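Residue-level listing of the chains:
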Amino acid sequence: MRIKKWLSFSPDSLSLNGETLGVVGGGVEMLHELYRRKVGDYPKFFKMDMLGKLGFVASELLLQSEDAPRFVPREDRSVVFCNRSASLVADRRYQETISDADNYYPSPALFVYTLPNIVTGEIAIRNKYYGETSFVVLEKFDPEQIAMHVAAAFQDPVCQSQLVGWTECSDESHWQCLMLLVEREGELDRHGLAATLERMFTSL
Amino acid sequence: MGDDAMIVKLSDHILSPLGDGTEANYMAVREGRSALKRYSGKWHVPEPFVASLFDEEAFAAESSALHLESYTPFEQVLVRTIRAALENAHVDAASSKVVFVFSTTKGNVCLLDEHVSGFPQERVLLGVSARKVCAHFGNPNPPVVVSNACISGLCAQIEAMRLLEGGFYDYAVVAGADMQSQFIVSGFQSFKALSDEPCRPFDAARKGLNLGEAAACIVYARREKAQPEEWVACRGAIRNDANHISGPSREGEGSYRALKAVLAGFDAGELAFVNAHGTATAYNDEMESVAITRAGLAEVPVNGLKGHFGHTMGAAGVLETILSMRAVDDRCVLGTKGFEHCGVSHPLRLTAQHQSTDKRAFVKLLSGFGGCNAALLFAKGGGLCV
């Protein structure tokens, strides 16, 4: 394997391929500001839930930095995300719409985001990725376990690269996001990938 | 797959409102039974709905007899199906060579409802809940919880295959489950995806899906070769439509690509059937008819099992795999309960009645929100898996 591009993003800092980028504001406003400044051409972004916005903005920054044509249909790239809280932020928001019998207004627009893998679908749609999309939930950030999962996903012979994400979002003002573009070919083994993930996580 | 690695099923179990055990569930399906019933006022959902639900009192009594009161109903159903599957697997679940792979969409989401009490809020986290189940069996490894919408049950099996093929573990316990709640039923109602009658997969008069509760478990092992009567998980693929987050692609793009990937080099004439997702929503079944036809499988029998169990979400991929294996063992292509007149644009080989087969392989197909699709090829004896 080889790590081609990497990004780490918390409410306090954003770094892309080792360079610090400026962020403004906090919470979801920080994601909106980044979207306006760095993306700007995908209004569906504003319909997404917190997890979707986080994953989308991070993937845009990372993929913009890849020296490759974008939006070309391809099946050889997988989107492989994981976290601890699944879609908990969206789940809580949807729960609020049904808790009170006198104020019961279940919304399909909120309900659809109560699945953590929606963010991987949003990224596949944006980038025309027909490859694998998957979401796994772990008990905690575990770099060895994530690296094993990534190494295992390369057993699909079609997959030549993976957009790997730890996209953890426990409420609208707290998140941890590591995103890596990992290619199949390269000297890095899964322990090396785990060590990189660990280093990135520690400096979040 | 490595040259000398085969992923062999050691044992399985299904726990559903139709019965406790693979055999009980298979016989219920053979006899044409369904657990779908109409519920009015349940969980304060304003509109009536049709679903396949456990009898709450009987379920609680059975779990209590097993001293599972400290587990949520979702965890209870997992513990019970895993325990039963392990009894026939002769595997020490406490060994570090065993990995647990779970499949669920909503796990303990009912704990978000302030009216539900008695369990720590932390258990709404899927990884925490999964660890509780693993601890019941003394398993030391971190569990993997696949949460990939409705295709989770196939994704969990594919993850298990990869972890075994990669040599990371020797055995995998794959367990899928979902329990229904106000949260899930109201959400699907808001989507106008539910039928107010028992569902009718692929039928011209289909009106939508029914939700269901179930748990199912398969224990897999990595072996150098398989015995002629053993089931082998040959090849799986997950592909995205790259089209829409809540509706399938009109061209069936992801399902077509997943089918194409798992059937590369495989003679479709060897398939007993394709066990489809067949939710009985207008869009899903239409999409599957396009994808199956595009994949060159229009002459292969197709069936769907939602008319017996409803859509059991995280359990569906595991439960429907087990019943398909059992049907092939019985030389049977199960009929599609609820199907009468073809209601999809690309006619498939669907029947309401069971038919006989002498084939020894099948494909399980699923699709879900987020545009995800999965296909998995199974064959008996493994000689066909090349």
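Structure shown above.
Residues numbered from 1 in each chain as written. Chains lettered and ligands numbered in written order. Predicted model: local features only at pLDDT ≥ 70, side-chain atom pairs only at ≥ 80, totals over all residues. Heavy atoms only, no water.

This part covers the sheet that holds strand β8 (residues 211-212) of chain B. Residue and element names in this part refer to chain B. Strands sit in the order β3-β4-β8 across an open sheet of 3 strands; the sheet is mixed. Bordering the open sheet on either side are β3 (36-39) and β8, each of which pairs with just one other strand. Note that β3 and strand β4 (residues 49-52) share 4 bridges and pair antiparallel. Bridging across to β4, L36 finds its partner in S52. (Pairing = 2+ DSSP bridges. Helix = DSSP H or I, 4+ residues; strand = E, 2+ residues; numbered from the N terminus.)

This next bit is on the side chain of E168(A). Residue and element names in this part refer to chain A. Relative to the assigned elements, E168 resides in strand β6 (residues 161-171). At a separation of 2.9 Å, a polar atom in the side chain of E168 contacts the main-chain amide nitrogen of R84. Within the structure, the side chain of E168 is placed 2.7 Å from the side chain of S85, a separation counted as a polar contact. The residues contacting E168, other than those within four sequence positions of it, are L54, N83, R84, S85, H174, W175 and Q176. (Polar contact = N/O pair within 3.5 Å; in protein donor to acceptor, adjacent residues only side chain to side chain. Contact = heavy atoms within 4.5 Å.)

In this section: helix α7 (residues 190-202) of chain A. Residues and elements named next belong to chain A. In this model α7 runs 18 Å from its N-terminal to its C-terminal C-alpha over 13 residues, within 8% of the 18 Å that 1.5 Å per residue would give. Of all the residues in α7, the buried ones are G192, L193, A194, T196, L197 and M200. Looking at the buried positions of α7, the neighbouring elements they touch are β1 (2-10), α6 (143-153) and β7 (174-183). Taking the backbone nitrogen of H191 as reference, a side-chain oxygen 3.2 Å away marks D189 as the first, capping residue of α7. (Expected span 1.5 Å × (residues − 1). Buried < 20%, exposed > 50% of the residue type's maximum accessible area, 1.4 Å probe, protein only.)

Another point: the pairing of β6(A). All names here are of chain A. The buried count for β6 comes to 9 of 11 residues, which makes it a mostly enclosed element. Relative to β7, β6 runs antiparallel, the two being bridged by 10 bridges. In the sheet register, L163 faces β7, and the bridge partner there is L181. As consecutive antiparallel partners, β6 and β7 are separated by 2 residues.

Moving on, we come to the pairing of strand β11 (residues 271-275) of chain B. Residue and element names in this part refer to chain B. Among the 5 residues that make up β11, 5 are buried, leaving the element largely enclosed by the rest of the structure. The sheet contact formed by β11 and strand β15 (residues 361-368) spans 4 bridges and is parallel. Residue N275 lies in a different strand from β15, and its bridge partner there is K364. The β-α-β motif built from β11, the intervening helix α8 (residues 282-294) and the parallel element strand β12 (residues 302-303) has right-handed crossover chirality. (Right-handed = clockwise from strand over helix to strand, strands pointing away.)

What follows is about the environment of P228(B). Residues and elements named next belong to chain B. Here P228 lies in the loop between β9 (214-223) and β10 (231-240). Sequence separation between P228 and K380 is 152 residues; the distance between their C-alpha atoms is 6.5 Å. Among all residues touching P228, those that are not within four sequence positions of it are R360, K380 and G381.

Read these as spatial facts, not as claims about activity.
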